[in-house]
Amino acid sequence: MSKLTPTPGQTVGPFYGYALPFSKDRELLAPGSPGSIRLQGTVYDGAGHPIPDAILEIWQADAEGNVPHHTGSLVRDGYTFTGFGRSAVGNTGVFTFTTVNPGPTEEGGAPFISVAVFARGLMNRLFTRVYLPENAEALAADPLLSSLDPERRQTLIARRDADGGLTWDIRLQGEGETVFLDFEGPEGSEGSAAAGAGGAAQ
């Protein structure tokens, strides 16, 4: 009887094409609505190649800094802002959302959008944030951003486009790797910065 050699485990899927997409999933409000902007970017792997099969989810406050608590956030009625969106990237790794500039959730705070990344090869989703580029004073005082080196901090700050939208790229590993958050820290912690896909906490 021959001895069998164990093979390494592999991720199954992703089978994102079934059940996850829903109508207008990337539209947190209807395009062309007052105050609407486009949040866009590209998801890159560790070699700098676009990933064509990732999915992004975002949660955010509205323009006044209020966190929506509406039920049925998957339903798009054309006027209710629920603060949640989901976007599958295209063949070129590009994602896009129609949303609003979030307001600060506390006085003097830096507005941001929470992001979760699902992609091939990831056993668990990754969490991160994207901050608005304005208000340097609020950015400098933000607890998360101020805990990072300047170069790493820039991976969480979007670029403002000429049309008023935001561009922000995600790099899972390698040069310019996006800062990801670890929410498995000590009780009461808001999460700490962590290394990229599968990396250890910094």
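## Some details on unusual backbone geometry
Part 1: One non-glycine residue, Lys24, adopts positive backbone phi at about 60°.
Part 2: Topologically, Lys24 is positioned in the segment before strand 1 (36–44).
Part 3: Positive phi is not limited to glycine here, since Asn135 has a value of about 65°.
Part 4: Take Asn135: it is sitting in the loop between strand 6 (126–131) and helix 1 (136–141).
Part 5: Taking relative accessible area as the criterion, Asn135 reaches 45% and is therefore assigned partly exposed.

## Section: the packing of aromatic side chains
Part 1: Under the criterion given, the structure shown has three aromatic pairs.
Part 2: Measuring from centroid to centroid gives 5.7 Å for Trp59 and Phe84, while their planes differ by 45°, and the two rings are tilted. Of this pair, Trp59 sits in strand 2 (residues 55–60) while Phe84 sits in strand 3 (residues 84–88); the two residues are 25 residues apart in sequence, bridging distant segments of the chain.
Part 3: Here Trp59 falls in the partly exposed class, since its relative accessible area comes to 33%.
Part 4: For Phe84, a relative accessible area of 8% corresponds to the buried category.
Part 5: Aromatic pair Phe112 and Tyr131: ring centres 5.5 Å apart, planes at 50°, arrangement tilted. One end of the pair, Phe112, is in strand 5 (residues 112–118); the other, Tyr131, is in strand 6, with 19 residues separating them in the sequence.
Part 6: Residue classification places Phe112 among the partly exposed residues on the basis of a relative accessible area of 23%.

## Points about the environment of Arg153
Part 1: Summarising the element assignment, Arg153 is placed in helix 3 (residues 150–153).
Part 2: Judged by its relative accessible area of 24%, Arg153 falls in the partly exposed class.
Part 3: As for Arg153 and Tyr131, which are separated by 22 residues in sequence, their C-alpha atoms are 10.0 Å apart.
Part 4: Setting aside chain neighbours within four positions, we find Arg153 in contact with Leu145, Ser146 and Leu148.
Part 5: Among the polar contacts listed, one links the side chain of Arg153 to the backbone oxygen of Leu145, at a separation of 2.9 Å.

## A word on the side chain of Arg152
Part 1: Its location among the elements puts Arg152 in helix 3.
Part 2: On the basis of relative accessible area, Arg152 is assigned to the buried category, the value being 18%.

## Things to note about the confidence of the model for the chain
Part 1: Scored by pLDDT, the chain has a mean of 85; 84% of the residues are at 70 or more.
Part 2: Between residues 195–202, whose pLDDT stays under 50, and residues either more than four places distant or in other chains, the model counts 19 contacts.

## With respect to the pairing of strand 2
Part 1: Across the six residues that make up strand 2, a large majority, five, are buried.
Part 2: Pairing of strand 2 with strand 3, which is carried by five bridges, proceeds in the antiparallel orientation. Following the sheet pairing, Leu56 is matched in strand 3 by Ser87.
Part 3: Both strand 2 and strand 5 contribute to a ladder of six bridges, which runs antiparallel. The residue bridging Ile55 from the neighbouring strand is Phe118, located in strand 5.

Here is what the cut-offs are and how they apply
- Residues numbered from 1 in each chain as written.
- Predicted model: local features only at pLDDT ≥ 70, side-chain atom pairs only at ≥ 80, totals over all residues.
- Heavy atoms only, no water.
- Helix = DSSP H or I, 4+ residues; strand = E, 2+ residues; numbered from the N terminus.
- Buried < 20%, exposed > 50% of the residue type's maximum accessible area, 1.4 Å probe, protein only.
- Phe/Tyr/Trp six-rings, centres within 6.5 Å; stacked < 30°, edge-to-face > 60°.
- Contact = heavy atoms within 4.5 Å.
- Polar contact = N/O pair within 3.5 Å; in protein donor to acceptor, adjacent residues only side chain to side chain.
- pLDDT = per-residue confidence, 0-100.
- Pairing = 2+ DSSP bridges.

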